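Examining the three-dimensional arrangement
Residues per chain are reported as follows:
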Amino acid sequence: MTSMHNVPLASLQTLDTLDTPAAVIDVPRMLHNIQRMQSRMTALGVSFRPHVKTSKCVEVAHAQLAAGAAGVTVSTLKEAARFFDDGVTDILYAVGMVASKLPAALALRRRGCDLKIVTDSVASAQAIVAFGAEFGETFDVWIEIDTDGHRSGIRPDDDALLDVARVLHDGGATLGGVMTHAGSSYDFDTPEALAAIAEQERAGCVRAATRLRDAGLPCPVVSVGSTPTALAAAHLDGVTEVRAGVYVFFDLVMHNVGVCTTDELALSVLTTVIGHQAEKGWAIVDAGWMAMSRDRGTQKQKRDFGYGQVCRIDGSVMPGYVLSGANQEHGILSREGEPDPDIVTRFPIGTLLRILPNHACATGAQFPEYHAFGPDRELATWPRLHGW
Ligand SMILES: Cc1ncc(COP(=O)(O)O)c(C=O)c1O
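This structure is a prediction, so every number in the text was calculated from the model and none was measured. (Residues numbered from 1 in each chain as written. Predicted model: local features only at pLDDT ≥ 70, side-chain atom pairs only at ≥ 80, totals over all residues. Heavy atoms only, no water.)

Here's the deal with the site of the ligand
Close to the ligand lie 15 residues; K53, R151, Y186, T227 and G245 are nearest. In the environment of the ligand, an oxygen atom lies 2.5 Å from a nitrogen or oxygen atom belonging to the side chain of K53. Measuring from an oxygen atom of the ligand, one finds a side-chain N or O atom of R151 at 2.6 Å. Contact with the protein chains removes 95% of the 380 Å² of surface that the ligand exposes when unbound. (Near = heavy atom within 4 Å. Polar contact = N/O pair within 3.5 Å; in protein donor to acceptor, adjacent residues only side chain to side chain. Areas by Shrake-Rupley, 256 points an atom, 1.4 Å probe, with all protein chains shown as cover.)

What follows is the structure, given as structure tokens:
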């Protein structure tokens, strides 16, 4: 495991003194996850650009950069501004650019941020070059490629790829490369299927780059990635960089996909038992969906964890105990299958528990800050960015 050296933790308080619900980060687990991914990327011979939308937290991003990441990926321009203020200059804004957001992108570049933007349409490409010409700015633009039919992007063999590239190149923008995200990798859960979608992602993006180069157009960067494909790829020939986000915390969805164990889940929600419905086998906790989020990502997977897996305060999993239901501020804790007749004595009122979330990005987003703890359970407060 990586040393705690670069992660600021102050001896402020311990986990059992926090107000609940609270989002807590197990820092040794997080550093292990960062190291695991970074070593893999190094072994595969690619540079790594973590997607910081998972944590939206500069302390977490610092740990990723300290481990060797070359830059970051963001999902909002607000994130870009925050991370740039914090000293990160190499930033990819990986959501399709539209004209209305160009002034904010320009402002960042004028301040010295090496911001890259993406597009997958002629209309946006035209808006980018027109705005760039008007303000004398050469935007660095990557073309988004659709390698799995999951959401946006241009199919690798589509004529539109060359149309968009020519608008950018001829209009004076820097054609920085191609990028893709095989989000459908979340739908698989066997090593073979994950390796196949990783190869599809790689081959499709390399194919798009080859078409651009064959047409005499520049395409220095070939950027791919999601957590499952990054961890499943057999090789990354032709790829220059990988992006992954949720690996930093992992979550129950990734556990079901098969790319982590529950011992690697670094984000959990600290909660207090506030009551019981003994005859139903329920304990009631103060983490409802407002704390866990409404994300029920494991519902359609091989194992449904409800709103989360229950753990003791030391992080050890209590097999079979899940948050089976959630109101806004009430979580319903029960045993899968048969109700637990000993629920009241097993979970007395006031008991502190930790709940592992379905989707770390969504659960983190419910909280303004994280409480990060090190090996001795010393705590630090790490702010989390909100909004757009
Ligand atoms: C463009 C882009 N790149 C990379 C990622 C990282 O994916 P993951 O969180 O599975 O690592 C995402 C996640 O949605 C994404 O949208």
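With respect to the environment of I343
Mapped onto the fold, I343 is located in helix 11 (residues 343-346). The class for I343 is buried, based on a relative accessible area of 0%. In this structure the C-alpha to C-alpha distance between I343 and V122, which are 221 residues apart in sequence, comes to 60 Å. Beyond its immediate stretch of four places on either side in the chain, I343 contacts H276, A278, G281, W282, A283, Y321 and L333. (Helix = DSSP H or I, 4+ residues; strand = E, 2+ residues; numbered from the N terminus. Buried < 20%, exposed > 50% of the residue type's maximum accessible area, 1.4 Å probe, protein only. Contact = heavy atoms within 4.5 Å.)

Describing the UniProt feature "domain: D-serine dehydratase-like" (unreviewed entry) in the chain
Sequence positions flagged by UniProt for "domain: D-serine dehydratase-like" (unreviewed entry) are, in local numbering, residues 266-374. For the annotated span residues 266-374, helix accounts for 12% and strand for 40% of the residues, and the straight-line distance between the end C-alpha atoms is 11 Å. (UniProt positions renumbered as here; feature names shortened; annotations may be inferred.)

What to know about the domain arrangement of the chain
Looking at the chain, the domain boundaries give domain 1 (51-248) and domain 2 (262-383). Relative to domain 2, the C-alpha centre of domain 1 lies at a distance of 35 Å. Opposite the 10 residues of domain 1 that make contact, domain 2 presents 8 residues. When domain 1 packs against domain 2, the two sides together hide about 750 Å² of surface, and 58% of this comes from carbon and sulfur. Among the residues domain 1 hides against domain 2, the three largest losses belong to T54, E59 and D189. Together they make up 43% of the total. At the junction of domain 1 and domain 2, the tally comes to 0 salt bridges. (Domains from an automatic or database assignment. Buried area = accessible area lost by both parts, 1.4 Å probe. Salt bridge = Lys/Arg side-chain N within 4 Å of Asp/Glu carboxyl O.)

Comments concerning the pairing of strand 16 (residues 369-373)
Burial runs high along strand 16: 4 of the 5 residues are buried. Judged from the 3 bridges that link them, strand 1 (residues 22-26) and strand 16 form a sheet pairing that is parallel. Across the sheet, the residue bridging to D26 is F373, located in strand 16. Strand direction decides the pairing type here: strand 16 and strand 17 (residues 379-383), joined by 5 bridges, are antiparallel. For H371, the partnering residue across the bridge sits in strand 17 and is T381. Connecting the antiparallel pair strand 16 and strand 17 is a turn made up of 5 residues, with R377 showing a positive phi of about 70°. (Pairing = 2+ DSSP bridges.)

A word on the pattern of salt bridges
Overall, the coordinates contain 18 salt bridges when judged by the stated rule. For D85, the salt bridge goes to R111, with nearest N and O atoms at 2.5 Å. Here R111 lies in the loop between helix 4 (102-110) and strand 5 (114-119) and D85 lies in helix 3 (residues 77-85), a separation of 26 residues in the sequence. D114 is paired through a salt bridge with K116; the nearest N and O atoms lie 2.9 Å apart. In this structure D114 comes out as partly exposed when scored by relative accessible area, which is 34%. By relative accessible area, which is 6% here, K116 ends up buried. Residues joined by salt bridges that share partners form a network here, namely R49, D90, D114, K116 and E241.

Focus: the side chain of S268
Structurally, the position occupied by S268 is in strand 10 (residues 267-277). Contacts of S268, omitting those with residues within four sequence positions, involve A22, A23, V24, R354, I355, L356 and P357.

Some details on the packing of aromatic side chains
Tallied over the full model, the rule gives 5 aromatic pairs. Here F48 and Y247 contribute two aromatic rings whose centre-to-centre distance is 5.5 Å and whose plane-to-plane angle is 70°, an arrangement assigned as edge-to-face. One end of the pair, F48, is in strand 2 (residues 47-48); the other, Y247, is in the loop between strand 9 (241-242) and helix 9 (252-257), with 199 residues separating them in the sequence. Accessibility expressed as a relative area gives 2% for F48, which makes it buried. For Y247, a relative accessible area of 1% gives the class buried. Look at Y321 and F347: their rings are 5.4 Å apart centre to centre, the planes differ by 70°, and that puts the pair in the edge-to-face class. (Phe/Tyr/Trp six-rings, centres within 6.5 Å; stacked < 30°, edge-to-face > 60°.)

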